[in-house]
Amino acid sequence: MKTKLMLCVCVSMLGFGASFEIASKEYCSIKTLKGTYTYSSQGYYAGEPYAESGMESYNGAGNVVNNYTDSLGRVSAGDTATYVIGEDCHGTVTYNSGSVYKIYVSPNGDSMTYILTSGDGVIAGTSRRVSSKLILK
């Protein structure tokens, strides 16, 4: 009787451990990106060297406001975008100007990497959260 009881307790504890592991896994959603991020991009656009630096505010509901300076215009400009993120922490940002980027987000939303998947360029970079507040609106 004691052996059966001990076996039940051990099996129950193993089951509890497995369910705890599943519950502690991190998943992403559009809510993962919330706050303001600074970024830096490098690459080529229309066959010419390209660099861009800027700031973006993600509202946690699929919308982005962007302010940047690039090596082509050399003046501050802005854009807006929408984004989606899957549970596997990668997604897409689509800017109103027509650019589309594939993004790979850290599960806690503190940083991401990205690459241009549309148009005439080869552009990639990194972005990190600098504030939980929406600095750009």
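Residues numbered from 1 in each chain as written. Predicted model: local features only at pLDDT ≥ 70, side-chain atom pairs only at ≥ 80, totals over all residues. Heavy atoms only, no water.

**A look at the state of the cysteines**
Just so we agree on the cut-off: Disulfides are defined as pairs of cysteine sulfur atoms found within 2.5 Å of each other. We count a stretch as a helix when DSSP gives it H or I for four or more residues in a row; a strand needs E for two or more, and each element gets its number in order from the N terminus. When a residue's accessible area, from a 1.4 Å probe over protein chains only, is under 20% of the maximum for its type it is buried; when over 50% it is exposed; and in between it is partly exposed.
The final tally for this structure, using the stated rule, is one disulfide. Residue cysteine 28 pairs covalently with cysteine 89 via a disulfide, S to S 2.0 Å. On the sign convention where negative means left-handed, the S-S torsion of about 85° between cysteine 28 and cysteine 89 marks this disulfide as right-handed. Here cysteine 28 is found in the loop between α1 (2-24) and β1 (34-45), whereas its partner cysteine 89 is found in the loop between β4 (76-85) and β5 (90-95), with 61 residues between them in sequence. In this pair, the class of cysteine 28 matches that of cysteine 89, namely buried.

**Details of the confidence of the model for the chain**
For clarity, the cut-off: Think of pLDDT as the predictor's per-residue confidence, scored from 0 to 100. Here a residue-residue contact requires only that any non-hydrogen atoms of the pair lie within 4.5 Å.
Averaged over every residue, the pLDDT of the chain is 87; the share at 70 or more is 82%. Predicted confidence for residues 1-23 stays below pLDDT 50, and this span has zero contacts to residues more than four positions away or in other chains.

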